[in-house]
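One-letter residues, chain by chain:
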Amino acid sequence: MADLPDGRPVNAASPSLQPLASGERIAVLDVLRGAALLGILLMNIEAFSGPLDLAFTGIDTHWHGIDYWADAFVYVFVQGKFFTLFSLLFGAGFAVMARRAEAAGRDFAPFYLRRSAGLLLIGLCHALLVWSGDILVLYALVSLPLLACREAPRSWLPWMGVIVYLGGVAMMLLIGAMVSMASADDVQKMLTDAQQTIGLQRQVYGHGSWMQANAQRLHEFSASLGAMLITGPEVLGMFLIGSWFAGSGALAAPERFPRLYAALRWVALPVGLLVTLLGVVWKPYLAPGAYDLPATAAMALVTAGALPMCLGYLAWIVRWRTQLAWLAPVGRMALTHYLGQSLLCTWLFYHYGLGVFEMMPRSVQLLFALLLFALQVWLSRAWLRRFRFGPMEWVWRAMTYRQWPPMRRGDGQG
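Residues numbered from 1 in each chain as written. Predicted model: local features only at pLDDT ≥ 70, side-chain atom pairs only at ≥ 80, totals over all residues. Heavy atoms only, no water.

Some points on the overall build of the protein chain
Heads up, the rule is: Helix and strand assignments come from DSSP, with helices taken as H or I runs of at least 4 residues and strands as E runs of at least 2, each series counted from the N terminus. C-alpha atoms define the radius of gyration, and 2.2 Å times the number of residues to the power 0.38 defines the globule rule. Burial status follows relative accessibility: with a 1.4 Å probe on protein chains alone, a residue under 20% of its type maximum counts as buried, one over 50% as exposed, and anything between as partly exposed. Accessible surface is estimated by sampling points in the Shrake-Rupley manner with a 1.4 Å probe; for residues, cover comes only from the protein chains shown.
Scanning the protein chain for helices and strands turns up 15 helices and zero strands. Against the compact-globule benchmark of 22 Å for 414 residues, the protein chain has a radius of gyration of 21 Å, which places it among compact chains. Taken along the three principal axes of its C-alpha coordinates, the protein chain extends 65 × 45 × 40 Å. Residues counted as buried form 54% of the 414 residues belonging to the protein chain. For the protein chain, the exposed area adds up to about 17700 Å²; of that, 69% sits on carbon and sulfur atoms.

Some thoughts on the packing of aromatic side chains
What counts here: Pairing of aromatic rings covers Phe, Tyr and Trp, the last through its six-membered ring, and needs centres within 6.5 Å; plane angles under 30 degrees mean stacked, over 60 mean edge-to-face, and all others mean tilted. Two limits define a charge over a ring: the Lys NZ or Arg CZ must be within 6 Å of the ring centre, and within 35 degrees of the ring normal.
Enumeration according to the criterion identifies 21 aromatic pairs in this entry. Between Phe 73 and Phe 77 the ring centres are 5.5 Å apart and the planes differ by 35 degrees, which places this aromatic pair in the tilted class. Taken together, the residues Phe 73 and Phe 77, both in helix 2 (residues 66–78) and four residues apart, mark about one turn of the helix. Judged by relative accessible area, which is 43%, Phe 73 ranks as partly exposed. Ring geometry for Trp 266 versus Trp 316: centroids 5.2 Å apart, planes at 80 degrees, classification edge-to-face. Residue Trp 266 is found in helix 10 (residues 258–282), and its partner Trp 316 is found in helix 11 (residues 293–319); the two are separated by 50 residues along the sequence. Of the residues examined, Trp 316 reaches a relative accessible area of 26% and is grouped as partly exposed. The lysine or arginine in question, Arg 265, covers the ring of Trp 316, its NZ or CZ lying 5.6 Å from the ring centre.

Remarks on the packing of helix 1 (residues 27–49) against helix 14 (residues 362–384)
Put simply, the rule is: Where helices are involved, their axes are fitted lines through C-alpha atoms of the stretch in contact, as for all axes, and angles between N-to-C directions lie from 0 to 180°. By the definition adopted for this analysis, an angle is roughly parallel if under 35 degrees, roughly antiparallel if over 145, roughly perpendicular if from 65 to 115, and oblique otherwise. Note on convention: near helix rotated counterclockwise from far helix by under a right angle means a left-handed crossing. Clockwise means right-handed. Only heavy atoms enter the contact rule, under which two residues are in contact if any of them lie within 4.5 Å. Amino acids outside the nonpolar list (Ala, Val, Leu, Ile, Met, Phe, Trp, Tyr, Cys, Pro) and the charged list (Asp, Glu, Lys, Arg) are all regarded as polar, and Gly is one of them.
Axis separation between helix 1 and helix 14 bottoms out at 9 Å; the angle between their running directions is 140 degrees. In terms of orientation, helix 1 lies oblique with respect to helix 14. For the pair helix 1 and helix 14, the sense of crossing is right-handed. Two secondary-structure elements touch here, helix 1 through Gly 34, Leu 37, Leu 38, Leu 41, Leu 42, Ile 45, Glu 46 and Ser 49 and helix 14 through Arg 362, Gln 365, Leu 366, Phe 368, Ala 369, Leu 370, Leu 372, Phe 373 and Gln 376. In terms of residue class, the contact of helix 1 with helix 14 is built from 11 nonpolar, four polar and two charged.

Some remarks on a nonpolar patch on the surface
Note the threshold: Note on patches: the residues involved have over 30% relative accessible area and no salt bridge, like charges join within 9 Å, and the nonpolar side chains Val, Leu, Ile, Met, Phe, Trp and Tyr join within 5 Å. Throughout this description, the term salt bridge denotes a Lys or Arg side-chain nitrogen within 4 Å of a carboxyl oxygen of Asp or Glu.
Together, Leu 129, Trp 210 and Met 211 line one region of the surface with nonpolar side chains, adding up to about 310 Å² of accessible area. Looking at the secondary structure, you find Leu 129 in helix 4 (residues 108–129). Overall, Leu 129 belongs to the partly exposed group, its relative accessible area being 40%.

Observations concerning the state of the cysteines
For clarity, the threshold we go by: Here, the term disulfide refers to a pair of cysteine sulfur atoms separated by no more than 2.5 Å.
With the rule as written, the count across this model stands at zero disulfides. Looking at Cys 345, it has no disulfide partner, and the nearest cysteine sulfur is the one in Cys 125, 19 Å off.

If you want it as structure tokens, here you go:
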């Protein structure tokens, strides 16, 4: 989630794209982005390999043995934690770009709106032509209220972020309360509709053509817009928290914030894990279409726990950033690799590709994801030895700056 923005600071002194000197980068952003990309893949691989609406439902009861424990590991330690980290990094990139534009006296809004429009276009192509689980469209849309929060005092940003994030959790509980007050017939219809959707996904993605899959993706895209009532506040909340991390210097100079990082490692992470485990123990499996209050309350606990766990992960990654520097190249190409994961996995699992839909055990899914990520790390290092940007980062910059930036190393400046 892959921010999937490249997150690089821009040279604000000129409206044209300029290559960055090494000193202009916040190196840990690339490391964090690489770690988040791995977590996103470990989470998404279940949704690639089977029906999307059967993924993210807790610990699925049809798995047994090592596959059950693999599913439990992802649910407790991965799901929702790296999606939020990606969102935080998007907000951090926003703050870096805004600060540089302000320092150079450039009008930031037109540049940023072009950037968001470019991301929206890429996200729509991804969601409608490749995979329904896209997050880029949501990022592009939520980037607009983030722009509106630009003038907020910096000290307000983390508290605003937490409140907005918990607003999504509150919306989840409100929906659960409303469903609990619905008639038994309405509840049964929701469960039946969910099973019908899963059956349709099995039929289309497991046996259908690419055109049939596109029609199904269009249907799922329209249905997913309602989920933005919950995911939108969560993403915006992380954007705001990320803006504070970058704007305060906590990412560029973490050594200046020892107490903050110690609190995130030794307090936030354990508390988040405890809250998450409460939700998991209460409702290990969340049946598709079951949105009554007990189910949404368990989901709310897991979602609430994801925020401090994400911040704890961030703190540990920052602590070990030197040892994790090998993640930086893949982090610099996060948008390319996020889209590449979707292209490769849908080709592997869907019928119009190799057709391995619902054939891969859960534990093997995670092993495959690790191998794929290792390949992406290697490809990133090889690519960046010759080129300045990943392919999609290059396209996105061209959309933003309205000109084709130099691609090969040695072309143009630098």
